[in-house]
Every structure is written in C-alpha cells, then in structure tokens.
Amino acid sequence: QTVVTQEPSFSVSPGGTVTLTCGLTSGSVSPSYSPTWYQQTPGQAPRTLIYGTSTRSSGVPDRFSGSIFGNKAALTITGAQADDESDYYCVLHMGSGIYVFGTGTKVTVL
Amino acid sequence: QVQLQESGPGLVKPSETLSLTCTVSGGSMSSYYWSWIRQSPGKGLEWMGHVFYSGSTTYNPSLKSRVTISVDTSKNQFSLKLSSVTAADTAVYYCARFTYDSSGYYLQYWGQGTLVTVSS
C-alpha cells in the first residue's frame, strides 16, 4: 500500500522560512501526481493552499509556495507568521481518480 | 457561496452501517465531484471516495468493500454509507467539493465536519 510521507513536525521562527516535503515510500513525486497542500487549524475543516503542484488557491498569501524539490513535492512558507501555526497535509493523485493524503506536518511558530 | 453541511447520527453501534448526508447550498451539483474525507481523533485525514454528479463513483481501495457514496441532485444532497463499522471508524467525517481548473483538481469547499462515534 502506498504511503505518502511528511515530516511529523517542524518549528520555525517568526519571519523565518520553512520547507515541508511530501514523498512516497516507493518512487518519486512528479507533477503528474498533481500535489495539493491543505492547511488545518484545530477544530476546523482544511483549506486549500496550493494545488497542481504550485498554483495558489484564491486568497492564499504569496508567502506560501509549492514546488517539486528533488523527488518530493514541497511547500515553502517564507516569512512565517504566528497564524501559520497549523497542521499541513499534502494530497497526491495516484491515478484513476484515487487520492491519498499525506501523514501531515505540525508546524509550530515560535 | 457554496456551503456544505453534514448530517446524520453521531453514534453508531459496532457492526452496523454508518449513514451520513451532505446538503449542498449556494450552487449547483452539476459538473462537480463530491467527496467524503474522514479524520480519526488526533490523526490525519483520509480520502474515502467521491461521486460525480452523474452518479459515477471512485472509492479508496482500503474501504471499497464497505463504502457506498451516492448522489441525489434533485435534493442537492450526496450520501455516505459505511458498513460493518468498528471503533476504528470513529472519526470526524467531512464532505467536500472538488473544483477543477487548468491547474488541476482540489477540494475547495468543505463542510464543518461531523463526529461519528462507534460504540455500543
């Protein structure tokens, strides 16, 4: 069974930069997987940050950017702010309409 | 503004069938994919499956034998049924709508989520 892996946690200083990654236990992530990134704060539904690898969803600040970094998808937060403290999930399209969520990364801003 | 609202029992007994409905307002169901996602307490998100407005479905292979998603566009609703539930199916269940543009698909609109507990 394919597992989409993410770092369990990251800490970043206010104003700092952090890059979260999204990989596969077997193989490399490419744009064909159409990586999508969601942000979730406690008690809330997720919201889309990035889709199609690097397209920002409407209303998302440009400090969030998506890319392919080596063999993984990546979400970079440049100039982190206190309200970026959240859980972040990537999703990959595995083909045939099947989607797999990553394990999630908890980002702390301090 | 499209809004989604989950409804259904908050408590289901083991071995029974979990049934939830998502009511869509503020927009048409036509031409969209409608999805169910769940999140066990303190855990990550799991895509369960989706239904196209026409009724065609795609399911998570790990749940395929137990899950059924259906749509009723006349009522602006789609539904989830999960059979033979166990405590492991205790989760917050979200309904959501895929949006598509030239960059790809993403889950743009989400319900607030509803907690379903499996317990006798």
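So, here's what we can say about the structure. (Residues numbered from 1 in each chain as written. Chains lettered and ligands numbered in written order. Predicted model: local features only at pLDDT ≥ 70, side-chain atom pairs only at ≥ 80, totals over all residues. Heavy atoms only, no water.)

### Structural notes on the sheet that holds strand 3 (residues 18–25) of chain B
Residue and element names in this part refer to chain B.
Right, on to step 1. The strand order across the open sheet formed by four strands is 1-3-8-7, and the pairing between neighbours is antiparallel. Here the strands that pair on one side only, and so sit at the sheet edges, are strand 1 (3–7) and strand 7 (67–72). Shown here is a sheet whose adjacent strand axes are inclined to one another by a mean of 20°, direction ignored. (Pairing = 2+ DSSP bridges. Helix = DSSP H or I, 4+ residues; strand = E, 2+ residues; numbered from the N terminus. Axes fitted to C-alpha atoms, helices over the stretch in contact; angles between N-to-C directions.)

### Some words on the state of the cysteines
Right, on to step 1. Applying the stated criterion to the full structure yields two disulfides over all chains.
Right, on to step 2. There is a disulfide in this structure between cysteine 22 of chain A and cysteine 90 of chain A, and the S-S distance comes to 2.1 Å. On the sign convention where negative is left-handed, the bridge of cysteine 22 of chain A and cysteine 90 of chain A, at about 75° about the S-S bond, is right-handed. Here the residue cysteine 22 of chain A occupies a position in strand 3 (residues 17–24), and cysteine 90 of chain A occupies one in strand 9 (residues 86–95), the gap between them amounting to 68 residues.
Right, on to step 3. Residue cysteine 22 of chain A is classed as buried on the basis of its relative accessible area, which comes to 0%.
Right, on to step 4. Since its relative accessible area comes to 0%, cysteine 90 of chain A is described here as buried.
Right, on to step 5. One disulfide in the model links cysteine 22 of chain B with cysteine 95 of chain B; its S-S distance is 2.1 Å. Given an S-S torsion of about 60°, the disulfide between cysteine 22 of chain B and cysteine 95 of chain B has right-handed geometry. In this pair, cysteine 22 of chain B is assigned in strand 3 and cysteine 95 of chain B in strand 9 (residues 91–101), connecting sequence segments 73 residues apart. (Disulfide = S-S within 2.5 Å. Buried < 20%, exposed > 50% of the residue type's maximum accessible area, 1.4 Å probe, protein only.)

### Focus: the nonpolar core
Right, on to step 1. Leu4, Leu18, Trp36, Phe78, Leu80 and Tyr93 of chain B are the most contacted members of the largest nonpolar core, which totals 26 residues.
Right, on to step 2. Of all the secondary-structure elements, those providing two or more residues to this core are strand 3, strand 4 (33–39), strand 5 (45–52), strand 7, strand 8 (77–82), strand 9 and strand 11 (114–118) of chain B.
Right, on to step 3. By residue number, the principal contributor to this core is strand 3 of chain B, which donates four residues.
Right, on to step 4. When sequence neighbours within four positions are dropped, the list of residues in contact with leucine 18 of chain B reads Val12, Leu80, Lys81, Leu82, Val85, Tyr93 and Val116 of chain B.
Right, on to step 5. Val12, Leu20, Cys90 and Val107 of chain A belong to the second largest nonpolar core, which has 21 residues in total. (Core = buried A, V, L, I, M, F, W, Y, C linked by side-chain atoms within 4.5 Å. Contact = heavy atoms within 4.5 Å.)

### A look at the interface of chain A and chain B
Right, on to step 1. Residue-level contacts link 18 residues of chain A with 22 residues of chain B.
Right, on to step 2. Where chain A abuts chain B, roughly 1600 Å² becomes buried across the two surfaces, and 60% of that area is made up of carbon and sulfur atoms.
Right, on to step 3. Among the residues chain A hides against chain B, the three largest losses belong to Tyr51, Tyr99 and Phe101 of chain A. Together they make up 37% of the total.
Right, on to step 4. There are zero salt bridges connecting chain A and chain B.
Right, on to step 5. Looking at the side of chain A that touches chain B, the elements with two or more residues in it are strand 4 (36–40), strand 5 (47–51) and strand 10 (98–101) of chain A.
Right, on to step 6. For the side of chain A that touches chain B, the residue count by class is eight nonpolar, ten polar and no charged. (Buried area = accessible area lost by both parts, 1.4 Å probe. Salt bridge = Lys/Arg side-chain N within 4 Å of Asp/Glu carboxyl O. Nonpolar A, V, L, I, M, F, W, Y, C, P; charged D, E, K, R; others polar.)

### Considerations on the sheet that holds strand 8 (residues 72–78) of chain A
All names here are of chain A.
Right, on to step 1. Strand order in the open sheet formed by four strands is 1-3-8-7, with antiparallel pairing between adjacent strands. The open sheet has two edge strands, strand 1 (4–6) and strand 7 (64–69), and neither has a second partner. On average, each strand axis in the sheet is inclined to that of its neighbour by 20°, with strand direction left out of account.

### Topic: the pattern of salt bridges
Right, on to step 1. Following the criterion strictly, the structure yields five salt bridges over all chains and no others.
Right, on to step 2. One salt bridge in this structure joins aspartate 83 of chain A and arginine 63 of chain A, with 3.5 Å as the shortest N-O distance. Of the two residues, aspartate 83 of chain A sits in the loop between strand 8 and strand 9 while arginine 63 of chain A sits in the loop between strand 6 (55–56) and strand 7, which places them 20 residues apart along the sequence.
Right, on to step 3. Note that arginine 66 of chain B and aspartate 89 of chain B form a salt bridge whose closest N and O atoms lie 2.9 Å from each other. Within this pair, whereas arginine 66 of chain B is found in the loop between strand 6 (57–59) and strand 7, its partner aspartate 89 of chain B is found in the loop between strand 8 and strand 9, the two being separated by 23 residues in sequence.
Right, on to step 4. On the basis of relative accessibility, which here comes to 22%, the residue arginine 66 of chain B falls in the partly exposed class.
Right, on to step 5. Under the relative-accessibility criterion, aspartate 89 of chain B is labelled buried at 2%.

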